[in-house]
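For reference, the chains in residue letters:
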Amino acid sequence: MPQGHETPETVYHIEKSPQGALLSIENFSLWYGKNQALFQVNMAVEKGLVTALIGPSGCGKSTLLRSINRMNDLIDGIRISGNILLDGIDIYSPDVDVIGLRKTMGMVFQKPNPFPMSIADNVAYPLRVDGIRDKKILRETVVNTLKAAALWDEVENRLQDNALGLSGGQQQRLCIARAIAGEPEVLLMDEPCSALDPVATAKIEDLMDELKGRYTIVIVTHNMQQAARVSDNTAFMYLGRLFEYGDTSRVFTNPKVEKTMDYVTGRFG
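Presented here is a report on the structure given in the accompanying data block. Quantities reported herein were computed from a predicted structural model and do not represent experimental measurements. (Residues numbered from 1 in each chain as written. Predicted model: local features only at pLDDT ≥ 70, side-chain atom pairs only at ≥ 80, totals over all residues. Heavy atoms only, no water.)

## Quick notes on unusual backbone geometry
In this model, asparagine 27 sits at a positive phi of 50°, which is unusual for a non-glycine residue. On the secondary structure map, asparagine 27 appears in strand E2 (residues 21-32). Classification of asparagine 27 by relative accessible area gives partly exposed; the value is 39%. (Helix = DSSP H or I, 4+ residues; strand = E, 2+ residues; numbered from the N terminus. Buried < 20%, exposed > 50% of the residue type's maximum accessible area, 1.4 Å probe, protein only.)

## Observations concerning the packing of aromatic side chains
Under the criterion given, the structure shown has eight aromatic pairs. When the ring of phenylalanine 236 is compared with that of phenylalanine 243, the centres are 6.2 Å apart and the planes differ by 65°; the resulting orientation is edge-to-face. There is no split in this pair, since phenylalanine 236 and phenylalanine 243 are both buried. An aromatic cluster is present here, built from Tyr12, Phe236, Tyr238, Phe243, Tyr263 and Phe268 joined pairwise through their rings. Between the NZ or CZ atom of arginine 178 and the centre of the ring of phenylalanine 115, over which it lies, the distance is 4.0 Å. (Phe/Tyr/Trp six-rings, centres within 6.5 Å; stacked < 30°, edge-to-face > 60°. Lys NZ or Arg CZ within 6 Å of the ring centre and 35° of its normal.)

## Thoughts on the sheet that holds strand E7 (residues 105-108)
Taken together, seven strands build an open sheet; the order of strands is E1-E11-E10-E4-E9-E8-E7 and the sheet is mixed. Because the sheet does not close on itself, it has two edges, and the strands there are strand E1 (13-14) and E7. Note: strand E10 (residues 233-238) against strand E11 (residues 241-247), six bridges, orientation antiparallel. Residue pairing across strands places alanine 235 opposite tyrosine 245, the latter belonging to E11. Of the strands in this sheet, E7 and strand E8 (186-190) touch helix H6 (residues 168-180), which is tilted by about 165° from E7. (Pairing = 2+ DSSP bridges. Contact = heavy atoms within 4.5 Å. Axes fitted to C-alpha atoms, helices over the stretch in contact; angles between N-to-C directions.)

## Focus on the pairing of E8
Most of E8 is tucked away, with five of its five residues classed as buried. The alternating pattern of E8 places Val186, Leu188 and Asp190 and Leu187 and Met189 on opposite faces, both of which are buried. Across four bridges, the pairing between E7 and E8 is parallel. Residue pairing for E8: glycine 106 is matched across the bridge by leucine 187. Summarising the sheet, E8 and strand E9 (residues 216-220) pair through five bridges and their orientation is parallel. Note on E9: the bridge partner recorded for valine 186 is threonine 216.

Structure (structure tokens):
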């Protein structure tokens with residue numbers, strides 16, 4: 001099937017929007033210049049749960065993720081249609097404060113990206129940007145956030161050390177701590193474990209399980225086993241389209257779309 005074109009037998013299965021949806025994506029399409037990357041995506045992300053975006057490389061997973069906090073705005077030639085609603089408010093409305101929007105959405109990237117400063121200053125950074133200077137508040141945030149990120153026990157005596165001296169897995173947990181320090185509503189994770197070893201990956205997955213409920217998490221992953229382990233709902237994307245979306249256990253064990261079955265059983269991708 002050529003990219004961007006449906007065949008007569010194309011079938012989609014998008015389960016009904018769950019109660020308590022925090023994010024609603026409605027008929028959302030995106031173009032990079034003349035090239036269309038997303039086609040009429042419809043899905044609702046349930047509050048407090050983990051939603052995984054899966055699919056082969058180039059299917060639009062990261063593009064959709066970065067559309068949720070408008071990071072794609074930074075790319076020249078971007079054009080969109082449709083809506084993405086956060087708490088019922090269209091995030092692409094001209095009235096939306098994009099900087100304020102991004103503060104409600106923590107972002108964790110594929111490669112750990114701690115700032116070249118102390119561990120404590122990395123965590124406190126979002127608060128300092130907001131003008132908070134109270135040392136007691138900063139200290140409490142550093143301690144509580146590092147505990148929430150399951151990193152406190154490993155770094156409590158190293159808070160003034162340069163964060164670049166941490167291991168890769170520790171750096172990624174520090175980046176998660178920094179992302180949640182500002183108390184976002186949504187935590188976006190773009191292949192957060194792809195650069196980590198299995199032990200570090202297991203710690204990140206355990207952390208995600210601890211954080212869900214408190215945060216709504218959307219994760220892009222190439223690892224189908226990881227999606228099955230950590231997510232409550234799974235969206236399968238292919239060629240810029242959302243083919244199937246629903247409860248993770250059902251998507252993996254009883255997919256309704258043949259293309260989903262082919263992907264989760266390893267026939268392609």
